[in-house]
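# Overview (structure and organization)
Listed here are the chains, written in short residue letters.
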Amino acid sequence: QVQLVESGGGLVQAGGSLRLSCAASGSSFSINVMGWYRQAPGKQRELVATITASGRTNYADSVKGRFTISRDNAKNTVYLQMSSLKPEDTNVYYCKTIAGPSVYWGRGTQVTVSS
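Residues numbered from 1 in each chain as written. Predicted model: local features only at pLDDT ≥ 70, side-chain atom pairs only at ≥ 80, totals over all residues. Heavy atoms only, no water.

## So, the overall build of the chain
Counting secondary structure elements, the chain contains zero helices and eleven strands. The globule rule puts the C-alpha radius of gyration for 115 residues at 13 Å, and the 13 Å found for the chain is close to it. Based on the C-alpha atoms only, the size of the chain along its principal axes is roughly 45 × 25 × 20 Å. Among the 115 residues that make up the chain, the fraction classed as buried is 42%. For the chain, the share of sequence-separated contacts (at least 6 apart) that also reach a separation of at least 24 residues comes to 52%. Element-wise, carbon and sulfur atoms account for 46% of the exposed surface of the chain, whose accessible area totals about 6,200 Å². Distance from the positive charge centre (12 side chains) to the negative charge centre (6 side chains) of the chain: 4 Å. (Helix = DSSP H or I, 4+ residues; strand = E, 2+ residues; numbered from the N terminus. Rg over C-alpha atoms; globule rule 2.2 N^0.38 Å. Buried < 20%, exposed > 50% of the residue type's maximum accessible area, 1.4 Å probe, protein only. Contact = heavy atoms within 4.5 Å. Areas by Shrake-Rupley, 256 points an atom, 1.4 Å probe, with all protein chains shown as cover. Lys, Arg positive; Asp, Glu negative; His and termini not counted. Charge placed at Lys NZ, Arg CZ, Asp CG, Glu CD.)

What follows is the structure, given as structure tokens:
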């Protein structure tokens with residue numbers, strides 16, 4: 001069973017920055033895709049960014065140029081550097097990973113951007 005531990009959320013003013021981290025442990029399979037999603041109350045969970053083990057990245061249009069996803073394969077850890085944050089970035093951010101045939105989600109970390 002893969003465990004995902006997220007950290008780095010919090011409260012920040014508009015225009016500020018935050019860095020999220022998500023460490024995966026317990027996988028007996030190689031971890032391929034890791035990524036971040038976010039969900040506001042009453043809305044569907046949406047893609048923020050993903051990164052493959054080889055470093056190929058994919059971003060939602062709404063965060064391109066502001067957010068950067070990266071990973072440390074040796075530590076099975078994925079990062080999300082968020083800059084130029086906007087109030088509409090306020091959400092619970094969830095880490096997701098695919099290990100073998102299974103998909104795993106973290107518990108989420110709250111990011112709140114004040115105007």
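Now that the structure is up, let's keep going.
## Here's the deal with the state of the cysteines
Counted by the stated rule, this structure contains one disulfide. Between the sulfur of Cys22 and that of Cys95 lies a disulfide, 2.1 Å long from S to S. Negative torsions about the S-S bond denote left-handed disulfides, and the value of about -85° found for Cys22 with Cys95 makes this one left-handed. Of this pair, Cys22 sits in strand β3 (residues 18–25) while Cys95 is found in strand β9 (residues 91–99), placing the two residues 73 residues apart along the sequence. Neither residue differs from the other here; Cys22 and Cys95 are each classed as buried. (Disulfide = S-S within 2.5 Å.)

## Notes on the nonpolar core
Core analysis: the biggest nonpolar cluster contains 28 residues, and Trp36, Leu80, Met82 and Tyr93 have the highest contact counts within it. Listed by contribution, the elements that provide at least two residues to this core are β3, β4 (31–39), β5 (46–51), β7 (67–72), β8 (77–82), β9 and β11 (109–114). Sort the elements by how many residues they give to this core and β3 lands first, with four residues. Setting aside chain neighbours within four positions, we find Leu80 in contact with Leu18, Arg19, Leu20, Trp36, Val48, Ala49, Phe67, Thr68, Ile69 and Tyr93. (Core = buried A, V, L, I, M, F, W, Y, C linked by side-chain atoms within 4.5 Å.)

## Some details on the environment of Arg56
Of note, Arg56 is situated in the loop between β5 and β6 (57–59). Remark: the alpha-carbon pair of Arg56 and Glu6, spanning 50 residues in sequence, is separated by 21 Å. Beyond its immediate chain neighbours, meaning those up to four positions away, Arg56 contacts Thr50 and Ile51.

## Here's the deal with the packing of aromatic side chains
Counted according to the given criterion, the structure contains one aromatic pair. Ring centres of Tyr37 and Trp105 lie 5.1 Å apart, and the angle between their planes is 70°; on these two criteria the pair is classed as edge-to-face. Of the two residues, Tyr37 is situated in strand β4 and Trp105 in strand β10 (residues 102–105); the sequence distance between them amounts to 68 residues. Judged by its relative accessible area of 37%, Trp105 falls in the partly exposed class. Positioned over the ring face of Tyr79 is Arg19, at 4.1 Å from the centre of the ring. The side chain of Arg45 reaches across the aromatic face of Tyr94, ending 3.6 Å from its centre. (Phe/Tyr/Trp six-rings, centres within 6.5 Å; stacked < 30°, edge-to-face > 60°. Lys NZ or Arg CZ within 6 Å of the ring centre and 35° of its normal.)

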